[in-house]
Amino acid sequence: MIPLSDAPGERRRFPFVNYLLIAINIVVFLFELQQGDQVNNFIFAYGVVPAALTHNIPQTILFADQLPQPFPFQTPQPVWLTIFTSMFMHAGWLHIGGNMLFLYIFGDNVEDRFGHIGYLVFYLLCGVVASLAQTLIDPNSTIPSLGASGAIAGVLAAYAVFFPAARVRTLIFLGIFITLATVPALILIGLWFVLQFFDGVISLSNQAAASTGGVAYFAHVGGFVAGLLIALVLRPWLKPPARINTYPRWPTYSNARW
């Protein structure tokens with residue numbers, strides 16, 4: 001299922017934080033593309049490597065004897081900073097395209113409810129919990145994790161809490177058949193989470209997938225649960241914002257003569 005648009009109601013704030021996050025992700029991805037044959041080394045240096053995180057030793061030091069010399073990048077220190085750098089990195093066009101589409105459709109309204117600073121803190125916190133959840137599942141893994149998926153999973157959870165009845169125009173693939181449907185946000189996001197959870201459970205018993213990398217399902221689960229709990233706790237205090245001036249409006253001409 002691919003969401004195309006939503007209709008949660010009027011938005012009162014211009015979502016410049018959400019647009020800024022999208023822009024940063026795109027700029028970082030374009031920078032990755034410029035690395036050419038060094039892109040895997042770039043990902044290894046700035047992605048989250050669970051074994052390095054649990055040992056509190058940068059991966060470029062912990063695995064120095066296994067890396068090409070000289071290694072062209074330096075992991076940020078302290079090593080936990082990779083939790084933040086990895087949040088803005090992606091493994092390919094499909095990866096970033098899907099993530100940015102979900103962030104574009106659902107993030108603006110969540111920012112509207114949290115406010116600009118609150119939304120930024122919420123987004124980063126969900127991303128942190130997502131990385132820690134994936135690390136706890138396989139603390140000795142040497143496979144880098146990267147992407148905004150965990151933080152965006154938290155955004156999806158908050159959207160489901162704040163706008164459960166919002167209608168989402170969705171492209172649905174049923175085998176060889178493709179159709180358009182309008183689906184309640186709670187159903188769309190709920191199905192997405194169920195799929196992530198069960199795929200994560202299946203991946204635990206799939207040693208081949210665990211040893212070669214793939215989708216970090218438990219990062220998605222961790223980010224979603226974090227976003228869900230935060231949104232549920234704060235919902236009574238996060239009323240719809242009053243009409244304010246950060247949303248640009250075009251002039252109206254209802255009284256003009258033509």
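Preceding block: the structure.
An account of the accompanying structure is given in this report.

1. A short note on the sheet that holds strand β1 (residues 2-7)
- Across the sheet, which stays open at both edges, the three strands sit in the order β1-β2-β3 with antiparallel pairing between neighbours. A single partner strand is all that each edge strand has here, and the edge strands are β1 and β3 (177-184). Taken over all neighbouring pairs, the strand axes of this sheet differ in orientation by 20° on average, direction set aside.
- Of the pairings in the sheet, the one linking strand β2 (residues 167-174) to β3 comprises eight bridges and is antiparallel in character.

2. A closer look at the packing of aromatic side chains
- Counted according to the given criterion, the structure contains 22 aromatic pairs.
- Ring geometry for phenylalanine 14 versus tyrosine 19: centroids 5.4 Å apart, planes at 70°, classification edge-to-face.
- By relative accessible area, which is 27% here, tyrosine 19 ends up partly exposed.
- Here tyrosine 19 and tyrosine 104 contribute two aromatic rings whose centre-to-centre distance is 6.3 Å and whose plane-to-plane angle is 20°, an arrangement assigned as stacked. Of this pair, tyrosine 19 sits in helix α1 (residues 16-33) while tyrosine 104 sits in helix α6 (residues 93-114), and the two are 85 residues apart along the sequence.
- One aromatic cluster is present, formed by Phe31, Phe42, Phe44, Tyr46, Phe63, Phe71 and Phe73 through successive ring pairs.
- The positively charged end of arginine 113 is found above the aromatic ring belonging to phenylalanine 162, 5.2 Å away from the centroid.

3. Quick notes on the side chain of threonine 60
- Inspection of the secondary structure puts threonine 60 in helix α4 (residues 59-62).
- Overall, threonine 60 belongs to the buried group, its relative accessible area being 12%.
- Engagement of the side chain of threonine 60 in a polar contact is seen with the side chain of threonine 75, the distance being 3.4 Å.
- Here threonine 60 is in contact with Phe44, Ala45, Leu67, Phe71, Phe73, Gln74 and Thr75, once residues within four sequence places are set aside.

Rules and cut-offs
Residues numbered from 1 in each chain as written. Predicted model: local features only at pLDDT ≥ 70, side-chain atom pairs only at ≥ 80, totals over all residues. Heavy atoms only, no water. Pairing = 2+ DSSP bridges. Helix = DSSP H or I, 4+ residues; strand = E, 2+ residues; numbered from the N terminus. Axes fitted to C-alpha atoms, helices over the stretch in contact; angles between N-to-C directions. Phe/Tyr/Trp six-rings, centres within 6.5 Å; stacked < 30°, edge-to-face > 60°. Buried < 20%, exposed > 50% of the residue type's maximum accessible area, 1.4 Å probe, protein only. Lys NZ or Arg CZ within 6 Å of the ring centre and 35° of its normal. Polar contact = N/O pair within 3.5 Å; in protein donor to acceptor, adjacent residues only side chain to side chain. Contact = heavy atoms within 4.5 Å.

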